[in-house]
Every structure is written in C-alpha cells, then in structure tokens.
Amino acid sequence: MPAVFLKSVPRAADLPESSKPQIAMLGRSNVGKSSLINHLAGTGKLARVSVTPGLTRTINLYDFDGRYLLVDLPGYGYSRTAGSREGRFEGMLGEYLSEANQLKLVLLVIDGRHGFQESDRHVLNQMTDVGLPVVVVLNKTDKLSKAEAARALRDVKDEYPNARCLSHSTASTEGLGELRDIIEKTVRGAAG
Ligand code: GDP
C-alpha cells in the first residue's frame, strides 16, 4: 500500500483512533513541509504545496504504507498569522501532544536559509521537554552553497546537540534516504 491522504481535521481531538505509530511534522509556514511529504511519499500529488503561504490551518493525516501515520500540523510563525492565530497554534499543539500517545518522532522542518527562528526554538524545546525524539530537517538547501549549507547544519548541531539534524532539498535526493532510514527504525522500534 502506498502513502495515502486520510483526512484533514480542524482539531487534534478529531483525529481518528489508531494504534499505528505516529510521526509528526512541524515547522513554520512555507518551509516546505508539504513538499517534503510528497518527496517522502515519492509522489507530487499527496500534499498540496501552497502558492499562498500561511493558509493551512488543519491537521492533515497521511497513512504511509499502512505502517505509520504522518501527522502534518499547521504551519506556525508566518507574519500574517501573528497574534491570536499563534495562540490557537499553541493550544492545538498542546492538545495534540496530550492525546498523541502513539507519537514516536517529530520532524521539525526549518528553512536552511534562515536557520532557527524563535518560534522553532520554542516548539523544539516543548518537544524535547516531554522527551520526544526530534529530527531537525534543514530544508531548501538547494538555495545555499555547499559551504553555507554545511555552516547552517553546524549551527543547528551546536545549538541542539541532542537533536538529529539533516539537510534536505526537493531538488535532489539529498537527505531523503537518511530520513527514510530514521523513520523506518522508529516504526520498527515502535512495533517492538
Ligand atoms: P509548507 O507551507 O511548509 O507546506 O510549504 P510548501 O511545501 O507548500 O512549500 C512552500 C514553497 O517552498 C513552495 O513554493 C515550494 O515549491 C517551495 N519549496 C519547498 N521545498 C523546497 C526545496 O527543497 N527547495 C526549494 N527551492 N523550494 C522548495
């Protein structure tokens, strides 16, 4: 069974019950989460890549190969969404974390050109505080020179030595194999 889109829900409480392991994807709006989902799935069609940033407010649920659920949480931190919508994001994330007992791994996607923003640090700290393993995906590295990409990766590792970090770009297969390996190990580990 390939990767399939299951549903979009407005609230974490509306997610269907499932015993499958969950992997959550988080990141600021427009960092390339949807594109990464499509890359992981090997299709351009699964997740809708935004033309207008900051519009996805729902939680999107995907089933990968019948083995695990990928939970795409709404993007945060886009400037037009400041204020009350950030509060709503916080509430939604808290609700999701308190209910997601099958959550095994968090993929935190950041734009390689901009590095960590305060909102990313905040989210990353929340995840590590509750003991969740995090992979930081330094995205859009095709927009950087090799030296810039290496420096950006080093900066992330220096700041969060306990989080795994890898570079990714939809322009190549860079980082994709490593990310799939990490997911595979996580899913196998969850199955005991
Ligand atoms: P989301 O809001 O985080 O889901 O981001 P999207 O996947 O919708 O992507 C936002 C924009 O960034 C779109 O115009 C994508 O085509 C572009 N994008 C996504 N990933 C990459 C990448 O690896 N490299 C480049 N250059 N652009 C990307």
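Along each chain, residues carry numbers from 1 onward, in the same order as the chain's sequence is written. Only residues with pLDDT of at least 70 are given local features in this predicted model, and only at 80 or more are side-chain atom pairs given and counted; all residues enter the totals for whole chains, interfaces and linings. Side-chain figures throughout are based on the complete set of non-hydrogen atoms in the structure, without hydrogens or water.

Visitor: Hey, could you run me through the overall build of the chain in this one?
Guide: Secondary structure assignment for the chain yields five helices and seven strands. Strands here are runs of E lasting at least two residues and helices are runs of H or I lasting at least four, both read from the DSSP assignment and numbered beginning at the N terminus. Of the regular secondary structure in the chain, the N- to C-terminal order runs β-β-α-β-β-α-β-α-β-α-β-α. Atoms counted for the radius of gyration: C-alpha only. Globule rule: 2.2 Å times residue count to the power 0.38. For a compact globule of 192 residues, the expected C-alpha radius of gyration is about 16 Å, and the chain comes in at 15 Å, within 12% of that figure. If one aligns the C-alpha atoms of the chain with their principal axes, the spans along those axes are about 45 × 40 × 35 Å. Throughout this description, buried means an accessible area under 20% of the type-specific maximum (1.4 Å probe, protein chains only), exposed means over 50%, and partly exposed covers the range between. Taking all 192 residues of the chain together, 47% fall into the buried category. Residue exposure ignores everything except the shown protein chains as possible cover, and the areas themselves are Shrake-Rupley values with a 1.4 Å probe. With the model as given, the accessible surface of the chain reaches about 9600 Å², and the carbon-plus-sulfur share is 48%. Under the convention used here, Asp and Glu are negative, Lys and Arg are positive, and both His and the chain ends fall outside the count. To locate a charge, take NZ of a lysine, CZ of an arginine, CG of an aspartate or CD of a glutamate. Put simply, the chain has 25 plus and 22 minus side-chain charges, and the middle of one group is 5 Å from the middle of the other.

Visitor: Is there a simple way to think about the pattern of salt bridges in this case?
Guide: When the charged atoms of two side chains with opposite charge come close together, those side chains can pair. Every case where a carboxyl oxygen of Asp or Glu lies within 4 Å of a side-chain nitrogen of Lys or Arg is listed as a salt bridge. Applying the stated criterion to the full structure yields seven salt bridges. Between E118 and R121 there is a salt bridge whose closest N-O contact spans 2.7 Å. Of this pair, E118 and R121 both sit in helix α3 (residues 118-129), three residues apart, which is roughly one turn of that helix. E118 sits in the exposed class, given a relative accessible area of 57%. Between E159 and R121 there is a salt bridge, and its shortest N-O distance comes to 2.5 Å.

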